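Residue strings, one per chain:
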Amino acid sequence: MQHRAGFYEKYIKRLLDIVLSGAALVILSPVLLITAVLVRIKLGSPVIFTQERPGKDEKVFKLHKFRSMTDARDENGNLLPDKDRLTGFGKKLRSLSIDELPELWDIFRGKMSIVGPRPLLVKYLPLYNEEQRHRHDVRPGLTGWAQVHGRNLTSWEERFEYDVEYVKNISFALDVKIILMTVHCVFAREGINAEGSATMEAFVGTKE
């Protein structure tokens, strides 16, 4: 399957991303500032967590988020498991998706889109099968079709199926639907963590 961008994706989607992310950065600047101060006090510095993630066409970029975990280590200097470093404050940031707000800057600068498959870890790139790899045919998103269908509570394979389905059916109506469903998920605090885990279990590839 070779992805062919339609009129909306070619000429409208990026313009909407610039306008909406720019407006959100201005309107939410007090929230961003207050969150930055609280993160510095409760979790330390750096306030912004950066990590390389694959974007459109698998080109790697630096993603920005508010940190939500401490740097707690064991007696050998190794970082503790995520569940041990994720504080109550960090859980609240995640449950309200406030930790994701710095990604608005990544959207504004063209590395991400408001709606699209979530940017995952670079180390997963060799593990995708041919169909799953199509999730990188478009810019990654702040939210996506997979996120409004259970977020971290669905399996990797199910999430990738939703991602590819989105890539095949991008439209203005679908983007609006996903944004509205995202608002509901955030306020309902649905699907934040995988069962028995502070974060989603690592992807190890799909058995053929």
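Refer to the structure presented above.
Residues numbered from 1 in each chain as written. Predicted model: local features only at pLDDT ≥ 70, side-chain atom pairs only at ≥ 80, totals over all residues. Heavy atoms only, no water.

**Section: the nonpolar core**
- Membership of the largest hydrophobic core comes to 27 residues, with the highest contact counts inside it found for Val39, Trp145, Tyr166 and Ile178.
- Those elements giving two or more residues to this core turn out to be α1 (7-27), α2 (29-43), β2 (60-66), α4 (88-95), α5 (103-108), β3 (113-115), α6 (156-168) and α7 (172-188).
- Those residues in contact with isoleucine 178 that lie beyond four places of it in its chain are Val115, Thr143, Gly144, Trp145, Val148 and Tyr166.
- Grouped together as the second largest cluster of nonpolar side chains are 7 residues, Tyr124, Tyr128, Phe160 and Phe203 included. (Core = buried A, V, L, I, M, F, W, Y, C linked by side-chain atoms within 4.5 Å. Buried < 20%, exposed > 50% of the residue type's maximum accessible area, 1.4 Å probe, protein only. Helix = DSSP H or I, 4+ residues; strand = E, 2+ residues; numbered from the N terminus. Contact = heavy atoms within 4.5 Å.)

**Notes on the packing of α1 against α2**
- Their axes nearest at 4 Å, the elements α1 and α2 cross at an angle of 60°. Looking at the two axes, α1 sits oblique to α2. Counted together, Ala24, Leu25, Val26 and Ile27 of α1 and Ser29, Pro30 and Leu32 of α2 form the full contact between these two elements.
- Residue classes in the contact of α1 with α2 are distributed as 6 nonpolar, 1 polar and no charged. (Axes fitted to C-alpha atoms, helices over the stretch in contact; angles between N-to-C directions. Parallel < 35°, antiparallel > 145°, perpendicular 65-115°, else oblique. Nonpolar A, V, L, I, M, F, W, Y, C, P; charged D, E, K, R; others polar.)

**Considering the pairing of strand β1 (residues 48-54)**
- With 7 bridges joining them, β1 and β2 adopt antiparallel strand pairing. The residue bridging isoleucine 48 from the neighbouring strand is phenylalanine 66, located in β2.
- Between β1 and the antiparallel strand that follows it, β2, lie 5 residues; aspartate 57 among them carries a positive phi value of about 60°. (Pairing = 2+ DSSP bridges.)

**Here we look at α1**
- The end-to-end C-alpha distance of α1, which contains 21 residues, comes to 29 Å, matching closely the 30 Å that a straight helix rising 1.5 Å per residue would cover.
- Turning to α1, its buried residues are Tyr8, Glu9, Lys13, Arg14, Asp17, Ser21, Gly22 and Ala24.
- Contact partners of the buried residues in α1: α2, α5, β3, α6 and α7. (Expected span 1.5 Å × (residues − 1).)

**What to know about the side chain of arginine 135**
- Along the chain, arginine 135 turns up in the loop between β3 and β4 (141-143).
- Polar side-chain contacts of arginine 135 include one of 2.8 Å to the backbone oxygen of arginine 118.
- Within the structure, arginine 135 has its side chain in polar contact with the side chain of aspartate 163 (distance 2.8 Å).
- The contacts of arginine 135, once residues within four sequence positions are left out, are Pro117, Arg118, Leu120, Tyr128, Phe160, Asp163, Val164 and Val167. (Polar contact = N/O pair within 3.5 Å; in protein donor to acceptor, adjacent residues only side chain to side chain.)

**Description of the side chain of aspartate 175**
- Tracing the chain through its elements places aspartate 175 in helix α7.
- Engagement of the side chain of aspartate 175 in a polar contact is seen with the side chain of tyrosine 8, the distance being 2.6 Å.
- If we skip the residues at most four places from it in the chain, aspartate 175 touches Tyr8, Lys13, Val115 and Tyr166.

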